[in-house]
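# Residue-level structure breakdown
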Amino acid sequence: MHERTFASVLLAVLLTVAPHAAAQSGDEHANGYEFDDSHFHLTNYVQEGTDVRDFLRIMGTRAGRSTLFGIPLQQTWSYANSGNYAPTYYLQSDAPLYYYSFTDAYIAMTYRSLTPEQRARFDPMITGFDPADMYAAAHIRRVLRTFPGVFTGIGEFTIHKEFVSSKVAGEAASLTNPALDSILSFAAQSGLVVLIHNDIDMPFAKQGTEPVYLAQMKDLLRRHRDATIIWAHMGLGRVVSPVRSGASAPATERNPNFGEIVEGMLTDPSLSHVSFDISWDEVAKYLLATPETTRRAAAMLNRFPDRFLFGSDVVAPRDSAQYFAVFEMYKPLWAALTPEASAKVRRGNYERIFDAGRRRVRAWEQSQGLTAK
Ligand SMILES: [Zn+2]
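Conventions we followed
- Residues numbered from 1 in each chain as written.
- Predicted model: local features only at pLDDT ≥ 70, side-chain atom pairs only at ≥ 80, totals over all residues.
- Heavy atoms only, no water.
- Helix = DSSP H or I, 4+ residues; strand = E, 2+ residues; numbered from the N terminus.
- Contact = heavy atoms within 4.5 Å.
- Polar contact = N/O pair within 3.5 Å; in protein donor to acceptor, adjacent residues only side chain to side chain.
- Buried < 20%, exposed > 50% of the residue type's maximum accessible area, 1.4 Å probe, protein only.
- Arc of directions from axis to C-beta.
- Pairing = 2+ DSSP bridges.
- Right-handed = clockwise from strand over helix to strand, strands pointing away.
- Salt bridge = Lys/Arg side-chain N within 4 Å of Asp/Glu carboxyl O.
- Axes fitted to C-alpha atoms, helices over the stretch in contact; angles between N-to-C directions.

## A look at the environment of I107
Among the structural elements, I107 can be located in helix α4 (residues 102–112). A C-alpha to C-alpha distance of 9.4 Å links I107 and F151, two positions 44 residues apart in sequence. Discounting chain neighbours no more than four positions away, the residues touching I107 are L42, L68, F69, G70, P124 and F151.

## So, the side chain of T67
Within the secondary structure layout, T67 lies in strand β2 (residues 63–68). A distance of 3.3 Å separates a polar side-chain atom of T67 from the backbone nitrogen of F40. If we skip the residues at most four places from it in the chain, T67 touches D37, S38, H39, F40, D123, M125, Y350 and F354.

## What about helix α9 (residues 214–223)?
All buried positions along α9 are accounted for by L214, M217, L220 and L221. The buried residues of α9 occupy one face: seen down the axis, they fall within an arc of 130 degrees. Here the buried face of α9 lies against α8 (178–190), β7 (193–197), β8 (229–231), α10 (258–266) and β9 (274–277).

## A short note on the pairing of strand β6 (residues 153–158)
The element β6 is extensively covered by neighbouring structure, given that six of its six residues are classed as buried. Across two bridges, strand β5 (residues 122–126) lies against β6 in parallel orientation. Among the inter-strand pairings, M125 is bridged to a residue of β6, identified as G153. Considered for its hand, the β-α-β crossover made up of β5, helix α6 (residues 136–146) and β6 is right-handed. Relative to β7, β6 runs parallel, the two being bridged by five bridges. Residue pairing across strands places G153 opposite V193, the latter belonging to β7.

## Here we look at the pattern of salt bridges
By the definition in use, this model includes 18 salt bridges. Here R358 makes a salt bridge to D123, at a shortest N to O gap of 2.6 Å. Here R358, found in helix α15 (residues 339–367), pairs with D123, found in strand β5; they are 235 residues apart in sequence, far enough to count as distant. Looking at D123, the relative accessible area reads 0%, which means it is buried. Taking the shortest distance from any N to any O, the salt bridge between E328 and K331 comes out at 3.1 Å. Taken together, the shared-partner salt bridges in this structure form one network comprising E34, R62, E328 and K331.

## Comments concerning the sheet that holds β5
Taken in spatial order, the eight strands of this open sheet run β1-β2-β5-β6-β7-β8-β9-β10, and their pairing is parallel. Edge strands, defined here as strands with exactly one partner in the open sheet, are β1 (35–37) and β10 (308–309). Here β8 pairs with β9 via three bridges, running parallel. The residue bridging W231 from the neighbouring strand is F276, located in β9. α8 rests against β6, β7 and β8 of the sheet, and its axis sits at about 155 degrees to β6.

Function cannot be inferred from these measures alone, as they are strictly geometric.
If you want it as structure tokens, here you go:
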């Protein structure tokens, strides 16, 4: 076909097909994907998981792009502790977790085994470092040098997490450890997107009190305003529920509730580099607990549509039912969002943040004389 004829036919096809497809999915993107996944674990606590080609089949025509990482914390199978029982989750053994750095090589080789078209759908992340180790930034730099052209970010890595933190072998991670500062400084310098898990509070904290890790977390974020940071799960967790304020006290004297804390961060100019992911079914349970909590969550996302990302936080899915469950759970939220907020939280913010990350990390690699294979 003549080049110009082809172009005009293509244009005509796009004009007739695109608005229909977009209207069907309620999505302004002509390719009709429902979401991008900012928080996805290909492998589990014992480094086993889903073959990436099976995951591509699961993503199908519904999930457009996804982050790609494992879990760096390996659950030890201690014979002394559980005998012949092989634990695959951190709650199934008293034996320690340890940092399994090989996960980064595994993720990189998995990514490299794909075709360029398949690669374009993934943003691999570096996780195999100990955030309490002053050498952690050197590990991250080494991973970029060994596998140029692969990684977009670091994370999900964990500082405070309910029963996980105390099980990690070695020194406990801390928000005030200079090792963490050097990690975030290197992320800012190289353009790596940061996905950090840090529970805002202790497990089963007393209601009506300020979450214990909130002030330290805000200080950390403010020390790294040149980094692009996503706070995973908005700081919530399995036994870390959104704080309610002391109901009887007047608003000027009581501690703020969770919504007020998040809103305070969203309106704080010194934290404009921070976004929040709403990943994990545990988080969906909190946000959708009642029609009133759903309404409040939707109001927050509608007011700050650029600052939230959907993620599944699914670990090593066996099938599409398991993978799409979290996205389906959020249906009442999607229905309560403006079309603009819905499109941004499901896809637009992912593409803006991770595309910028890709560009910046590739530029950093080039400045170091590294070229992608
Ligand atoms: Zn996760």
